[in-house]
Amino acid sequence: FSPSGCIEVLVLASGIYGSMAEVRDLLEAYSSQDADILFNDSLLSELDCSKCSFASQGLSYARPGPGLVARPLARGDFDKGYLSLLSQLTAVGEYPRKRFEAQFDAMRRNPGTHFVLVVEDTACGRVVANTTLLVERKFIHKAALRGRIEDVVVDKDYRKQRLGTFLVELLTVLSQSLGCYKTTLDCKPDVAGYYQKLGYVSEGQLLMSQRHFD
């Protein structure tokens, strides 16, 4: 952020999060000092992942496999095949860098809400896996937070390496550490068993939607 940009964001966010001091605390805790990084990666390094399956394999949040690094989404990932990776999950469409960066900056202006985690193959400089944690503010459960896992995708050439499991486990722990009273995700029936092995259970609700655009 530029200084003027920070002031603008603080003023806008103060009406959402509370006092200006609280907003500054949020920015310091969640926002990266580097404007090209989506969120502060110290949030990941401080997590207790001892109960995660990847920890028993000698892996960590920063090293999910040989030659791989996990990190927050970066502005430069537009050039590292990020949109191509997402297209393996759902329709993405073609759009210019400017639009990608506008969306990136919009997420940065809302600290504590968007945590997009990617895995990069450092040998070829490609983003090969992605998962997103969205944090919602609620009035229910004593004005609680709720986490939502979305956009879980692993490049077809990197599957069978448990990268999806790694990302979901890591962001589930992050959700809990941020104080979310629960973490949810939507999935197709044929992969429900996979998520059940990661501790997720069906609440018997039906996912319904009304699609307005492709």
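Residues numbered from 1 in each chain as written. Predicted model: local features only at pLDDT ≥ 70, side-chain atom pairs only at ≥ 80, totals over all residues. Heavy atoms only, no water.

## Brief notes about the overall build of the chain
Part 1 of the reasoning: Each helix and strand counted, the chain has eight helices and five strands in total.
Part 2 of the reasoning: The order of helices and strands in the chain, counted from the N terminus, is α-α-α-β-α-α-β-β-α-β-α-β-α.
Part 3 of the reasoning: Put simply, the chain has 214 residues, and 39% of those count as buried.
Part 4 of the reasoning: In the chain, the share of contacts with a sequence separation of at least 24, taken over all contacts with a separation of at least 6, comes to 63%.
Part 5 of the reasoning: Looking at the chain as shown, the accessible area adds up to about 12800 Å², and 52% of this sits on carbon and sulfur atoms. (Helix = DSSP H or I, 4+ residues; strand = E, 2+ residues; numbered from the N terminus. Buried < 20%, exposed > 50% of the residue type's maximum accessible area, 1.4 Å probe, protein only. Contact = heavy atoms within 4.5 Å. Areas by Shrake-Rupley, 256 points an atom, 1.4 Å probe, with all protein chains shown as cover.)

## Some thoughts on the confidence of the model for the chain
Part 1 of the reasoning: For the chain, the mean per-residue pLDDT works out to 86, and 85% of the residues sit at or above 70.
Part 2 of the reasoning: Ranking the elements of the chain by mean pLDDT puts helix α1 (residues 3–17) last, at 38, and helix α4 (residues 82–86) first, at 98.
Part 3 of the reasoning: Within the model, pLDDT remains below 50 along residues 1–20, and this stretch shows 24 contacts once partners closer than five positions in the same chain are excluded. (pLDDT = per-residue confidence, 0-100.)

## Let's talk about helix α5 (residues 97–108)
Part 1 of the reasoning: The terminal C-alpha atoms of α5, which comprises 12 residues, lie 16 Å apart, in line with the 16 Å expected from a rise of 1.5 Å per residue.
Part 2 of the reasoning: Among the residues making up α5, those that are buried are Phe100, Phe104 and Arg108. Buried residues of α5 fall within an arc of 75 degrees about the axis and therefore sit on the same side. Of the residues in α5, the exposed ones pointing more than 90 degrees away from the buried face are Lys98, Arg99 and Gln103.
Part 3 of the reasoning: In this structure, the buried residues of α5 make contact with α4. (Expected span 1.5 Å × (residues − 1). Arc of directions from axis to C-beta.)

## Some details on the environment of Leu59
Part 1 of the reasoning: Within the secondary structure layout, Leu59 lies in the loop between α3 (42–45) and β1 (68–72).
Part 2 of the reasoning: Considered as a pair, Leu59 and Phe166 are 107 residues apart in the sequence and their alpha carbons are 9.3 Å apart.
Part 3 of the reasoning: If we ignore the near neighbours within four places in the chain, the residues touching Leu59 are Phe54, Pro64 and Gly65.

## Some points on the sheet that holds strand β2 (residues 114–121)
In a beta sheet, neighbouring strands pair by backbone hydrogen bonds and run either parallel or antiparallel.
Part 1 of the reasoning: The five strands lie next to each other as β1-β2-β3-β4-β5, forming an open sheet whose pairing is mixed. Strands at the two margins of the open sheet, each flanked by one partner only, are β1 and β5 (180–185). The mean inter-strand angle of the sheet, taken between neighbouring strand axes irrespective of direction, is 20 degrees.
Part 2 of the reasoning: Bridging between strand β3 (residues 126–137) and strand β4 (residues 145–154) involves eight bridges; their strand directions are antiparallel. Across the sheet, Asn130 pairs through a bridge with Val153, a residue of β4.
Part 3 of the reasoning: Each of β1, β2, β3, β4 and β5 is contacted by helix α7 (residues 163–177), which is oriented at about 25 degrees to β3, the strand it contacts most. (Pairing = 2+ DSSP bridges. Axes fitted to C-alpha atoms, helices over the stretch in contact; angles between N-to-C directions.)

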